[in-house]
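Here's the letter readout for the chains.
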Amino acid sequence: MSLSRRQLLSLSGGVVAGVGLSACGLGLTSPGGSTGALLRSRVPLPSPFAAELPPLTRLTPHDGRATVTARRRSVEILPGRMTEILGYDGRFPGPTIEATKGEPLHLRVRNAVDHAVVNHLHGGVTPAEHDGYPTDLVRPGASRVHEYPLDQRAATLWYHDHTMDLTGPNVYAGMAGAFVLRDPAEDDLGLPDGDRELTLVLTDRSFGEDAELVYPVSEGTFDRRFHGGLLGDCMLVNGAPWPRTDVDAARYRVRILNACNARRLELALDPGGDLVQVGTDQGLLTRPHRRSTLTLAPAERADLVIDFAEHAPGSPVTLVNRLGEGDMGLVMRFDVARRATDDSRVPDRLSTIDPIDPSRVVRTRDFHLALGQPVRGGHGSHSGGTRSLPMWSINGRPYRPGHDLFRAELGTVERWRFTTDVHHPVHAHLVPFQVEQDGAPAWKDTVDIGPASRAEVLVPIEGYRGRYVLHCHNLEHEDRMMMADWSVV
């Protein structure tokens, strides 16, 4: 397991169960539109906005090469307390890798912990042998090289653990980091940059009596109350609880990653102001869109411009989560510190995205994501064979590594249609989804599908031949078998 035995606490008495479908004890729904159950911390949490927003460590490749090491380390997350994490280079979150479109990256992942890990570049167009298939293990003391061509649109990607059955606890322990893929051609747009570009990695966590991270596994048994997902009660931004930071009265480019295991976020500014969205998971939109709120499911990203010149110096501007309750309705605070010159702009035209002609579609596929039949012990259940649980499934099938749900032909276009029982953020490795957003085509790699609803995307089967996976990015759903193999032939 990714967490030490000290961290794998028994959670009796520390849980607020879900409602609705959770009557069966599986924690399938909770207030706020997230699928999961809330785990309450056993240590006093700090007051919001007492911590400073930490800068993310940057990792810039040298001669196209970079190395990260999975290691344990004690870090200060809660003030005055030390928490053991498992992170890339022992950081929480991991270093932000900055790369350039069209310049291949040779990334070596070393494993300095006592169990196997897997690394996946989320949103990357990557050969199958370098993608991070759930059983492509990096054993303790070993390393694995990932070759990333990066011949794709500039975007805010991220990298994280993808070990079969253990993605949830490993990411929860800290194995995730941002990956900013840049394109020098975008410099002419005039968007804010330099000190006025922020990357925010949002996570929710819960802490035990010794300020340790707690994940609902004890003696190898997963607590069924979190079968629907794990929701923490402390919001972390770049690894700090509800932080604050000074900003100029100027425009800022803000890249936001929802790296929570299961929590959905509806972001807004208080006392008001526009979130000008300029990009999605897979890069720039065709034109900017002004929003009063923005919803992000786990694994979704948004590229925003926020103009703090709309607020007088001395004013606080709070980023809030309208799906949260109490302090979980807060994310962080920006304090407008000073007036400043600002030569940035948000152009009316950001990029060109050619809409896919529906006549090119050669195959329409339907996927239903829902609870399936009970599975006793074994893969995905974390039950040790002591009891059976209904596993999450795609088209009624729990995950079977090495068995394709379908095969798609390289160079074709398909239409994929998704239906669900509860909220599921759906992600496919290798391929982007073309969706319609605000009346224009946009590229994404994760789509948030609501309860008993349907989503339709167009999928160009491009990149590389090989085996990939399609799965829900609620990590407790993924680990409990809501994943499927598919191959490009």
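Criteria and thresholds
- Residues numbered from 1 in each chain as written.
- Predicted model: local features only at pLDDT ≥ 70, side-chain atom pairs only at ≥ 80, totals over all residues.
- Heavy atoms only, no water.
- Patch = residues over 30% accessible without salt bridge, like charges linked within 9 Å, V, L, I, M, F, W, Y side chains within 5 Å.
- Areas by Shrake-Rupley, 256 points an atom, 1.4 Å probe, with all protein chains shown as cover.
- Salt bridge = Lys/Arg side-chain N within 4 Å of Asp/Glu carboxyl O.
- Lys, Arg positive; Asp, Glu negative; His and termini not counted.
- Charge placed at Lys NZ, Arg CZ, Asp CG, Glu CD.
- Helix = DSSP H or I, 4+ residues; strand = E, 2+ residues; numbered from the N terminus.
- Buried < 20%, exposed > 50% of the residue type's maximum accessible area, 1.4 Å probe, protein only.
- Pairing = 2+ DSSP bridges.
- Axes fitted to C-alpha atoms, helices over the stretch in contact; angles between N-to-C directions.
- Phe/Tyr/Trp six-rings, centres within 6.5 Å; stacked < 30°, edge-to-face > 60°.
- Disulfide = S-S within 2.5 Å.

Here's the deal with a negative patch on the surface
Among the surface-exposed residues, Asp187, Asp188, Asp193 and Asp343 lie close enough to one another that they form a single negatively charged patch. Position of aspartate 188 among the secondary structure elements: in the loop between strand S11 (176-182) and strand S12 (197-205). Classification of aspartate 188 as exposed rests on a relative accessible area of 66%.

Focus: unusual backbone geometry
Of the consecutive residues phenylalanine 92 and proline 93, the connecting peptide bond is found in the cis state with omega at -10°. Within the secondary structure, proline 93 is located in the loop between strand S5 (83-88) and strand S6 (96-100). For the bond running from aspartate 270 to proline 271, omega is 25°, close enough to zero to count as cis. Tracing the backbone through its elements, the reader meets proline 271 in the loop between strand S20 (265-270) and strand S21 (275-280). The phi dihedral of asparagine 395 falls on the positive side, at around 55°, and the residue is not glycine. Along the polypeptide, asparagine 395 turns up in the loop between strand S28 (388-394) and strand S29 (404-408).

Comments concerning the sheet that holds strand S26 (residues 330-339)
In spatial order, the strands read S18-S26-S25-S20-S23; together these 5 strands make up an open sheet with mixed pairing. Taken across any chain shown, the strands that pair with only one partner, and hence form the sheet edges, are strand S18 (244-249) and strand S23 (294-296). The sheet shows a mean angle of 30° between the axes of neighbouring strands, direction not considered.

Details of the packing of aromatic side chains
Taken as a whole, this structure holds 14 aromatic pairs when the rule is applied. On the basis of an interplanar angle of 50° and a centroid distance of 5.0 Å, the ring pair of phenylalanine 308 and phenylalanine 334 is categorised as tilted. Taken together, the residues phenylalanine 308 in the loop between strand S24 (301-307) and strand S25 (316-321) and phenylalanine 334 in strand S26 connect sequence positions 26 residues apart. The class for phenylalanine 334 is buried, based on a relative accessible area of 0%. When the centroid spacing of 5.5 Å and the interplanar angle of 80° are considered together, the rings of phenylalanine 406 and tryptophan 416 count as edge-to-face. Of this pair, phenylalanine 406 sits in strand S29 while tryptophan 416 sits in strand S30 (residues 413-420), and the two are 10 residues apart along the sequence. On the basis of relative accessible area, tryptophan 416 is assigned to the buried category, the value being 0%. Put simply, the rings of Phe367, Phe406, Trp416, Phe418, Phe433, Tyr468 and Trp486 pair up and form one aromatic cluster.

What about the state of the cysteines?
This structure, assessed with the given rule, holds 0 disulfides. Here cysteine 472 is not disulfide-linked; the sulfur of cysteine 260 is the nearest cysteine sulfur, at 14 Å. A relative accessible area of 0% means that cysteine 472 is categorised as buried.

Read these as layout, nothing more, since geometry by itself doesn't imply function.
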